[in-house]
Amino acid sequence: MVNFSKWQTWLTLAILVLGIIFAAPNLLTQQQADALPGWLPHGRINLGLDLQGGSHLLFQVDIDAVVRERLESAKDSLRDVLRKNTINYTGLAVANDTVTAQLTDPSTRDHVLSLLRDSPIGVTVQADDSGKLTGSFSDQEIRQLKGQIIEQSIEIVRRRIDLEGVREPTIIRQGDDRIIVQLPGVGDPTHLQELIGKTAKMTFHFVSNQIAGPSQQKPTNLPPGTIALPSKDGGFEVIETRVILTGENLLDAQAGTHPTNGRPIVNFEFDSSGARKFARATTDGVGRRFAIVLDNEVISAPRINEPIPGGRGFIEGQFTPQQTHDLAVQLRAGALPAPLTVLEKRTVGAELGADSIATGKLASVMGLALVVVAVLITYGLFGVFTNIALMFNFILLVASMSLLQATLTLPGIAGMVLSLGIAVDANVLIHERIREEIRAARRPVMAIDAGYRHAFWTIFDSHLTTIISSGFLWMFGSGTVKGFAVTLILGTIISLFTAVVVTRLQIVLWLRRARPQVLPI
Amino acid sequence: MYHGLHLIPHDTRIDFMRYHKITFAFSLIMVVGSILLIAFKGLNFGVDFAGGILMEVTAPEPADLGKLRSQLEQLSLGEAALQQFGKPETVLIRLQHQAYSPQDLAAAADKLKTERKGISKDELDRLAPVYAEQEAQQRAIAAVKTALGPGYTYDRTEFVGPKVGSELIHDAILATALALFGIMLYVWFRYEWQFGVNCLVALFHDCITTVGLFALIGWQFDLTTVAAVLTIAGYSVNDTVVIYDRIREELRRYKKMPLGELLSMSINRTLSRTVMTSGLTLLSVLAILFFGGEVLRGFALAMTWGIVIGTYSTICVASPMLIYMNLRRDKVGTLRPDAEKAASRP
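Note that the structure is a prediction, hence the values are computed from the model and not measured. (Residues numbered from 1 in each chain as written. Chains lettered and ligands numbered in written order. Predicted model: local features only at pLDDT ≥ 70, side-chain atom pairs only at ≥ 80, totals over all residues.)

The next point concerns the overall build of chain B. On a plain count of helices and strands, chain B comes out with 12 helices and six strands. For 346 residues, the compact-globule formula gives about 20 Å, and the C-alpha radius of gyration of chain B, at 27 Å, lies well above that figure. By principal-axis analysis of the C-alpha atoms, chain B measures approximately 85 × 55 × 35 Å. For chain B, buried positions account for 45% of its 346 residues. Here the contacts in chain B between residues at least 6 apart in sequence split such that 77% fall between residues at least 24 apart. (Helix = DSSP H or I, 4+ residues; strand = E, 2+ residues; numbered from the N terminus. Rg over C-alpha atoms; globule rule 2.2 N^0.38 Å. Buried ≥ 20, exposed ≤ 12 C-beta atoms within 10 Å, placed from the backbone. Contact = placed C-beta atoms within 7 Å.)

Rendered as structure tokens:
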């Protein structure tokens, strides 16, 4: 244990120098770090939301809503297929995640199944001998669908946040159906929460011309193929269920003001296929009213006075400027496949974050100072070695956190202080053991060798158990606690290196130079 | 030449085994007491676990808690817990999870019906309360902000839904249980099963009494506290492993020495390390306690307790228990090559 070959010495020194280089950018400001030449490392430790201020939102994606919606649309498709081929059926319904229908004539069964093979309706349909049709998603389809929905939701959320101009948001998936959104610097997320969470599904329909105008009461006895939806202006509109265009056809949407009355509006522009459909619809439907529906609410239903060929238009309604801005953002980003609800919301003001950094720094510095002095008094020269090792422990911890782009939270600072405590313990174990070996009347070199040899496995065991417990903390902890676990794990691994290698290297180098007869410990 | 400070004389001989029955009884009382306290008095769960709303606000002048309380009571948001937090201007406002009113539920149901055509009755019954609840929380936060008026800054606002809270409790218990179990397996693998079992007992002792202390004093118990409990477990096992290592070594060296005497000797020989490490760790934790600000105070307090109890449990629980564990001394320590060497030493 008292032998250090040349390459071991140089390797150790190289690691320490690399540590300094990788830790150094943290001393610079962001601008200075960005200005560094590309070949120098300029990664810095990310500050957690509790230190820099910002909002943390946990959203639940309502996936069941989408599954149900898909089943509803499968039901509609099934109805279309059966009607088109004049096949009689009864009891078409969605229940318990399946679409069911009863064929009046069971012998049409094979015919129906072959029709459905040619024009699939999105679910796998099976039929029994009595002519009962059941369609449902297989488990694998459901899994696939869920994965798709969450990925898509994350993408849309990201676009909406980007369009809103929030800097460096973090958007990550959690579990099967949750999304974490972290917004640094956002002090009040109420508005963003609304902006992010709304599905913003937009469709364009004709207003039914079989029923006159909007009505205050919800109309009953609707003609087939129509539906009554509430109107933003109050009352209900009866519109055709046939969708002429959807928000997916939109190329652009911008908030603006009405050219004549100055009210807030959203200007939109369709893509080329959308523009063609829009032109055809407005040509065919001159004189009819055209409903713009957002999340199943009729926003406006203007009368078509003349064909609109350019694919441009605007949405007018009872809007505030803020609402038109949000709607434009949502339309540009696209519709969410499923609505999001907030499960958890945490906001930290920037001032509190700065306070926390200051107190965290103070606590670390004070803790470190106390430990350094105590170690020095207790172990003399060996205490100096230990303190140098402790300093490198800190530097390497900062370096590895910068390298891994780890996030430092307030509990993370506590983790740093604690990992220093662990590093001290490793040194104490070695020094105490060396003292014992000296009392066993060993010569200095032998005492140090035996001290290290005996202490090593103890240190190894105690470090590994700490890593085991903080590993579980990392796996099951959430948010700031995870940050604590990360710093503790890294700090513990580094402590193993600094205690066993860095302190030892110093002692060995000193032994070679001083050749002491008695150890000063 | 300066030979450093020898705080504990190397020839210290304290008979640690002598009073082990008393310490066992003491520990048993603490453990049972903690379980009873947790079961009957209960823990003061923070918003992380209980759900609800937490706001940290700073008033323009030193806050008058009484006045604030009466202001908030007029809002009829249920019981509002107020607490001075660090500076005299800063106040923590804790609101219970807001129950929704029938009107909320009706409004949410209406909203859902329009937002989703063809929503089934089941679905409506399931989702309407979720929406209504969310609305109720938003409204409560807004109401507090309006009531306090301008001039206040909102340093921190946290809202945790009841579902997330119970999941977090579940995850925390799982993390703790797995961590303890993992540590036990490791100690078993490195030593003998007796050591592993004792270690688990000592860890359980440390964790449960820490939680019990929180129940006794009524400190807020949240995610950070769980982190503290797990850190205490890590620290305590660290301490235990160091002494077990020494016990194993001495077992190989002194094959005929009575076990009690040997255990006592092992503890004495590692005593100066125990005192040094506990003392130094305590120093850094005390630094967090006094300079780390309000947010970390609970954590630091738990850690202070944990260091004391962890050291105590190693010396007074985990080690003496070995006397009763039918240790097969010829088997101990065969895993480690250098223990063999140590054993063959004069």
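Glancing now at the overall build of chain A. The number of helices and strands found in chain A is 13 helices and 19 strands. Compactness check: chain A gives a C-alpha radius of gyration of 34 Å against a globular reference of 24 Å for 521 residues, more than 25% above the reference. With the C-alpha coordinates of chain A rotated into their principal frame, the extents come out at 110 × 65 × 40 Å. Each of the 521 residues in chain A was classed as buried or not, and the buried ones make up 44%. A separation of at least 24 residues holds for 70% of the contacts in chain A among residues at least 6 apart in sequence.

Turning our attention to the interface of chain A and chain B. Residue-level contacts link 70 residues of chain A with 67 residues of chain B. No other element matches helix H10 (residues 350-403) of chain A, which puts 18 residues into the side of chain A that touches chain B. Bridge count between strand S18 (residues 340-348) of chain A and strand S5 (residues 153-160) of chain B: five bridges; the pairing is antiparallel. Pairing of Glu344 of chain A across the sheet is with Val160 of chain B, part of S5 of chain B. (Pairing = 2+ DSSP bridges.)

Bringing the domain arrangement of chain A into the picture now. Domain annotation for chain A reports domain 1 (6-49 + 351-514), domain 2 (65-136) and domain 3 (198-345). The distance between the C-alpha centroids of domain 1 of chain A and domain 3 of chain A comes to 61 Å. (Domains from an automatic or database assignment.)

A few words on the sheet that holds strand S9 (residues 202-206) of chain A. Residue and element names in this part refer to chain A. Across the sheet, four strands lie side by side as S12-S9-S15-S16; this open sheet has antiparallel pairing. Strands with a single pairing partner mark the edges of an open sheet, and in this sheet they are strand S12 (245-246) and strand S16 (297-300). Two elements, S9 and strand S15 (residues 290-294), share five bridges in a ladder whose sense is antiparallel. From the neighbouring strand, Met202 faces S15, where its bridge partner is Leu294.

Bringing H10 of chain A into the picture now. Residues and elements named next belong to chain A. Taking 1.5 Å as the rise per residue, H10 with 54 residues should run 80 Å; its terminal C-alpha atoms sit only 25 Å apart, a clear shortfall. Maximum bend of H10: about 140°, positioned at Tyr379. At the exit of H10 stands Gln405, carrying a positive phi of roughly 55°. (Expected span 1.5 Å × (residues − 1). Bend = angle between axes of the 7 residues up to and from the residue.)

On to the sheet that holds S5 of chain B, then. In space, the eight strands of this open sheet follow the order S7(A)-S8(A)-S2(A)-S18(A)-S5(B)-S2(B)-S4(B)-S3(B), with antiparallel pairing throughout. Since the sheet does not close on itself, it has two edges, and those belong to strand S7 (170-174) of chain A together with strand S3 (80-85) of chain B, each with one partner. Shown here is a sheet whose adjacent strand axes are inclined to one another by a mean of 20°, direction ignored. Two strands pair when backbone bridges link them, and strand S2 (residues 54-61) of chain A and strand S8 (residues 178-184) of chain A are joined in this way by seven bridges, in the antiparallel orientation. Each residue of the ladder has a partner; that of Ser55 of chain A, found in S8 of chain A, is Leu183 of chain A. Along the sheet face, helix H7 (residues 190-197) of chain A touches S2, S8 and S18 of chain A and points at about 155° away from the line of S18 of chain A. Relative to S3 of chain B, helix H3 (residues 65-73) of chain B is tilted by about 155°, and along the sheet it contacts S3 and strand S4 (87-95) of chain B. (Axes fitted to C-alpha atoms, helices over the stretch in contact; angles between N-to-C directions.)

A turn of α-helix holds 3.6 residues, and therefore any two residues three or four places apart point the same way. An ideal rise of 1.5 Å per residue puts 30 Å on 21 residues; helix H10 (residues 271-291) of chain B measures up with 30 Å between its terminal C-alpha atoms. Once H10 of chain B finishes, Gly293 of chain B follows within two positions and takes phi at roughly 85°, a positive value.

We now examine the packing of helix H8 (residues 223-253) of chain B against helix H9 (residues 259-269) of chain B. All names here are of chain B. Direction vectors running N to C along H8 and H9 enclose 125°, while the axes themselves pass 9 Å from each other. In terms of axis orientation, H8 runs oblique to H9. Crossing handedness for the pair H8 and H9: right-handed. Every residue of H9 that contacts H8 at Ile243, Arg246, Ile247, Glu250 and Leu251 is listed here: Leu262, Leu263, Met265, Ser266, Ile267 and Arg269. Residue classes in the contact of H8 with H9 are distributed as seven nonpolar, one polar and three charged. (Parallel < 35°, antiparallel > 145°, perpendicular 65-115°, else oblique. Left-handed = near helix turned anticlockwise from the far one by under 90°. Nonpolar A, V, L, I, M, F, W, Y, C, P; charged D, E, K, R; others polar.)

In terms of nonpolar packing, the biggest core is built from 200 residues, with Phe59 and Leu420 of chain A together with Ile183, Cys199, Ala227, Val229 and Ala233 of chain B touching the most fellow members. For this core, the leading source of residues is H10 of chain A, giving 17 residues. Residues within four places of Ala227 of chain B in sequence aside, it is in contact with Pro411, Leu473, Gly477, Val481 and Phe484 of chain A together with Phe299 of chain B. Membership of the second largest hydrophobic core comes to 12 residues, among which are Val99, Ala101, Leu103 and Val112 of chain A. (Core = buried A, V, L, I, M, F, W, Y, C linked by C-beta atoms within 7 Å.)

Below, the discussion takes up the environment of Phe181 of chain B. If you trace the backbone, Phe181 of chain B turns up in helix H6 (residues 162-190). It is 7.4 Å that separates the C-alpha atoms of Phe181 of chain B and Leu200 of chain B, two residues lying 19 residues apart in sequence.

This part covers the pairing of strand S2 (residues 52-58) of chain B. All names here are of chain B. In terms of burial, S2 is largely enclosed, as seven of its seven residues are buried. Every second residue of S2 is oriented toward a common face, with Gly52, Leu54, Glu56 and Thr58 on one face and Ile53, Met55 and Val57 on the other, all of them buried. Here S2 pairs with S5 via seven bridges, running antiparallel. Its bridge partner being in S5, Gly52 is matched across the sheet by Val160. Relative to S4, S2 is paired through six bridges, and the arrangement is antiparallel. Residue pairing for S4: Thr58 is matched across the bridge by Thr90.

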